[in-house]
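Below, each chain spelled out in residue letters.
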Amino acid sequence: MNDLAQLLQSAQAEFAQASTPADLENAKARFLGKSGQVTELMKGLAALPVEEKKTRGAEINQLKQGIEAALNARRQALLDAELEKQLKAEALDVSLPGRQRGTGGLHPITRAMERIEAIFGSMGFDVADGPEIETDWFSFSSLNNPENHPARSMQDTFYVDMKDEGGRWFNLRPHTSPMQIRYAQAHAKRYAGQETMPEIRVIAPGRTYRVDSDATHSPMFHQVEGLWVGENISFKDLKSVYLNFITAFFETDALQLRFRPSYFPFTEPSAEIDIMFETGPLKGRWLEVSGAGQVHPQVIRNMGLDPERYIGFAFGSGIDRLAMLRYGVNDLRLFFEGDLRFLSQFK
Ligand code: DAH
């Protein structure tokens, strides 16, 4: 074997040994680099006589092509190996079961609210929504709530570090009752100067806030306010509307309603509404579900209406309480902890 054939062999052997692209480039330099073995052979040509230069030159060129071919082949082989490795690492097992993406469901309080809206909607009640940050006037004064009423005290109501036009602290509404005034005022304004005004018939469900927290009280809770004002709306309408609502809500006629005398500044007379199931696990116990009453003449006046002409009733019920009774939940806090083991039962 002549020296050139040997050189080709050793180049092929070295390339074959290179296991990384960097190794391969180093091996290449040893043959084809500036002072590589093939380059040195080329330099040696200069000293040869013309005839020999030609044949030897052609042979060296052939060698060079051979080495380059070997180099390219090895380069490709390394690339292929690398790709193979990568494909193996990223291999997908298409036979694996897919990842489950659970479907959500409405929160039980949302469900209860939607039920309430649908039931009152069927009785011709509008549904209204209003601010949760209220002025002192809407939360208290307009509702005929005297300055010394306990609902105004610092222990009960969350105050916002900002004052209204009257220089009084804004508050997180402690009940939905401000919506009585807001809705009725807008209604009265819309029909001002007209001979007759359509009746006000509205519910206002929403979040309310009080400084209170235990198994049956949460600092954020939900109420639904109801208001029906017209020229001839009496307590008997309150009774029939509420009975209709409560039997529809619980899907049973096997329950009783009781009005217990009470006091609220914005109603006169005032009552607490209790219900009693005649069957089921809560059978025979009176459960308080709502405050209610005939709207106080001063509140009618604050709505922008004439109390000599307009009369009606209002109520404010705890939605969380109703939802607890309907779904058999014994701790209010479960509604607001966001525990999926609890929430997913309502899907
Ligand atoms: N706002 C009262 C409360 O939160 C509930 C209430 C009682 C609302 C009587 C009314 C009502 O509209 O007439 O305790």
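Residues numbered from 1 in each chain as written. Predicted model: local features only at pLDDT ≥ 70, side-chain atom pairs only at ≥ 80, totals over all residues. Heavy atoms only, no water.

The helix and strand inventory of the protein chain stands at 11 helices and 10 strands. By principal-axis analysis of the C-alpha atoms, the protein chain measures approximately 135 × 50 × 40 Å. Considering only residue pairs separated by 6 or more positions, the protein chain has 62% of its internal contacts joining residues 24 or more positions apart. Summed over all atoms, the accessible surface of the protein chain reaches about 19700 Å², with 52% contributed by carbon and sulfur. Treating the 39 positive side-chain charges of the protein chain as one cloud and the 46 negative ones as another, the clouds have centres 4 Å apart. (Helix = DSSP H or I, 4+ residues; strand = E, 2+ residues; numbered from the N terminus. Contact = heavy atoms within 4.5 Å. Areas by Shrake-Rupley, 256 points an atom, 1.4 Å probe, with all protein chains shown as cover. Lys, Arg positive; Asp, Glu negative; His and termini not counted. Charge placed at Lys NZ, Arg CZ, Asp CG, Glu CD.)

All right, on to the nonpolar core then. Nonpolar side chains in soluble globular proteins tend to be buried together. Ranked by internal contacts, the top residues of the largest apolar core, which has 39 residues, are Ile116, Phe120, Phe245, Ile246, Phe250 and Ile275. Only helix 5 (108–122), strand 6 (220–230), helix 8 (235–250), strand 7 (255–264), strand 8 (267–277), strand 9 (287–295), strand 10 (311–318) and helix 10 (319–327) provide two or more residues apiece to this core. In terms of residue count, the dominant contributor to this core is helix 8 (7 residues). Aside from chain neighbours lying at most four places away, what touches Ile116 is Ile203, Val224, Phe245, Phe249, Ile319 and Leu322. In this structure, Leu143, Met197, Val202 and Leu305 belong to the second largest nonpolar core, which totals 22 residues. (Core = buried A, V, L, I, M, F, W, Y, C linked by side-chain atoms within 4.5 Å. Buried < 20%, exposed > 50% of the residue type's maximum accessible area, 1.4 Å probe, protein only.)

Right, let's get into the side chain of Glu225. By the secondary structure assignment, Glu225 is in strand 6. No salt bridge forms around the buried Glu225; measuring N to O, its nearest opposite-charge neighbour Arg173 is 8.4 Å away. A polar contact of 2.9 Å, which involves the side chain of Glu225, links it to the side chain of Ser177. What Glu225 contacts, discounting residues up to four positions off in sequence, is Thr176, Ser177, Gln180, Val202, Ile203, Ala204, Phe315 and Gly316. (Salt bridge = Lys/Arg side-chain N within 4 Å of Asp/Glu carboxyl O. Polar contact = N/O pair within 3.5 Å; in protein donor to acceptor, adjacent residues only side chain to side chain.)

Moving on: the sheet that holds strand 2 (residues 133–134). On the basis of which strands lie adjacent, the open sheet formed by 3 strands has the order 2-4-3 and antiparallel pairing. Here the strands that pair on one side only, and so sit at the sheet edges, are strand 2 and strand 3 (159–163). The sheet contact formed by strand 3 and strand 4 (residues 169–172) spans 3 bridges and is antiparallel. Bridge pairing links Val160 to Phe170 in strand 4. (Pairing = 2+ DSSP bridges.)

Quick look at the domain arrangement of the protein chain now. Per the domain assignment, the segments making up the protein chain are domain 1 (3–89) and domain 2 (108–346). Placing the centre of domain 1 and that of domain 2 at their C-alpha centroids yields a distance of 91 Å. (Domains from an automatic or database assignment.)

A word on the packing of aromatic side chains. Two descriptors summarise a pair of aromatic rings, namely the distance from one centre to the other and the angle between the planes of the rings. For the structure shown, the criterion picks out 18 aromatic pairs. Here the aromatic rings of Phe120 and Phe315 are separated by 5.5 Å at their centres, their planes lie at 25°, and the arrangement is stacked. Of this pair, Phe120 sits in helix 5 while Phe315 sits in strand 10; the two residues are 195 residues apart in sequence, bridging distant segments of the chain. Accessibility classification places Phe120 together with Phe315 in one group, the buried group. Seen from their ring centres, Phe335 and Phe342 are 5.8 Å apart, and the 65° between their planes marks the pair as edge-to-face. (Phe/Tyr/Trp six-rings, centres within 6.5 Å; stacked < 30°, edge-to-face > 60°.)

Before going further, it helps to examine unusual backbone geometry. Residue Glu268 is joined to Pro269 through a cis peptide bond whose omega torsion reads 0°. One can find Pro269 in strand 8. Phi at Glu251 is positive, roughly 55°, even though this residue is not glycine. By relative accessible area, Glu251 is classed as exposed at 58%.

The end-to-end C-alpha distance of helix 5, which contains 15 residues, comes to 21 Å, matching closely the 21 Å that a straight helix rising 1.5 Å per residue would cover. The positive-phi residue at the C-terminal boundary of helix 5 is Gly124, with phi of around 85°. (Expected span 1.5 Å × (residues − 1).)

Surveying the vicinity of the ligand reveals 15 residues, the closest of which are His175, Ser177, Arg210, Gln223 and Glu225. In the model, an oxygen atom of the ligand is placed 3.0 Å from a nitrogen or oxygen of the Gln180 side chain. Glu225 is positioned with one of its side-chain polar atoms (N or O) 2.6 Å from an oxygen atom of the ligand. Alone, the ligand offers 360 Å² of accessible surface; in the complex the protein occludes 91% of this. Elements that contribute at least two residues to the shell around the ligand include exactly strand 6, strand 9 and strand 10. (Near = heavy atom within 4 Å.)

Attention now moves to the environment of Ile319. Along the chain, Ile319 turns up in helix 10. Taking relative accessible area as the criterion, Ile319 reaches 0% and is therefore assigned buried. Sequence separation between Ile319 and Ile109 is 210 residues; the distance between their C-alpha atoms is 7.3 Å. Discounting residues that sit within four places of it in the chain, Ile319 has contacts with Ile109, Ala112, Met113, Ile116, Pro205, His222, Gln223 and Val224.

Let us look at the environment of Trp169. Note that Trp169 resides in strand 4. On the accessibility criterion, Trp169 (34% relative accessible area) is partly exposed. Between the alpha carbons of Trp169 and Ala314 there is a distance of 26 Å; along the sequence they are 145 residues apart. Aside from chain neighbours lying at most four places away, what touches Trp169 is Asp136, Tyr159, Val160, Asp161, Met162 and Lys163.

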